[in-house]
Amino acid sequence: MTQEPKSDPKTQEAGEAQTQEVVMNDESVKTAESKKEVVIPEVIEDEPKTVPLTRAEKNAAEKAAEHRERMVRTAIACFFGMITGAVSFILIGDTTTPLGESRSILGLLLLLAGIVFQKHMFILLKIDYTKLGGKDWFYQAFMTFAFWFISWTILLTL
C-alpha cells in the first residue's frame, strides 16, 4: 500500500490558494479572449461636402441675412464704445490725473471690458460668434475703440 504524504493544514491552504489562483487566471484568460474583438474597418460612403458658396451663388435672402447680422455686430461694437466712453468720463473725471495713479489706466481697462462683453451680447442675441475669425474680432475691437475714443473726447470738451 502506498501512503499519501501527509501535509500540514498551512501548506494545504496555500496549495488550495494556488489552485484557486490558477483557476482565476484561466478564467481571466478566457474572459480576455472572449472580449477580444476583431475590428473590421467599415467603408464610409463619401458624403457630399458643403463648400461655402461664393457671392454670385448666394441668393438674395442669404445675402440680406448676412448683411443684417454684420449690421447688428457693428451696432453692438458702436454701442459698447459709446457706453465705455461715457463710463470712462464719469469714473475718471479729471484727465490731468498723474500717470502714477491707478485711475490713469482705468479708461483702457473699461475699453477692454467693452470689447470682451461683446461676446456675451452676441450670446444673448443668438448670434453665432464661433464663426468669427481674427479679422472679424479685430474689426469689432477697432470699432469699439473708435467710438470709445470719440465719445470720451467729446465729453471731455464739454
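Here, every reference points to the structure presented above.
Heads up: these notes are all about the structure in this document. (Residues numbered from 1 in each chain as written. Predicted model: local features only at pLDDT ≥ 70, side-chain atom pairs only at ≥ 80, totals over all residues. Heavy atoms only, no water.)

**Topic: helix H2 (residues 60-92)**
- The end-to-end C-alpha separation of H2 is 48 Å, in line with the 48 Å expected for 33 residues at 1.5 Å each.
- All of the buried residues along H2 are Arg73, Ile76, Ala77, Cys78, Phe80, Gly81, Thr84, Gly85, Ser88 and Ile92.
- Lining the buried residues of H2 we find helix H3 (106-124) and helix H4 (134-157). (Helix = DSSP H or I, 4+ residues; strand = E, 2+ residues; numbered from the N terminus. Expected span 1.5 Å × (residues − 1). Buried < 20%, exposed > 50% of the residue type's maximum accessible area, 1.4 Å probe, protein only. Contact = heavy atoms within 4.5 Å.)

**Observations regarding the packing of aromatic side chains**
- Enumeration according to the criterion identifies five aromatic pairs in this entry.
- Ring geometry for Phe145 against Phe149: centres 6.0 Å apart, planes inclined by 25°, an arrangement best described as stacked. Taken as a pair, Phe145 and Phe149 lie in helix H4 at a separation of four residues, close to a single helical turn.
- Look at Phe149 and you get partly exposed, because its relative accessible area is 48%.
- Between Trp148 and Trp152 the ring centres are 5.3 Å apart and the planes differ by 45°, which places this aromatic pair in the tilted class. Here Trp148 pairs with Trp152, and both are found in helix H4, just four residues apart, close to one helical turn.
- The class of Trp148 is buried, set by a relative accessible area of 5%.
- For Trp152, a relative accessible area of 16% translates into the label buried.
- Grouped by ring-pair contacts, the aromatic residues Phe145, Trp148, Phe149 and Trp152 constitute a single cluster. (Phe/Tyr/Trp six-rings, centres within 6.5 Å; stacked < 30°, edge-to-face > 60°.)

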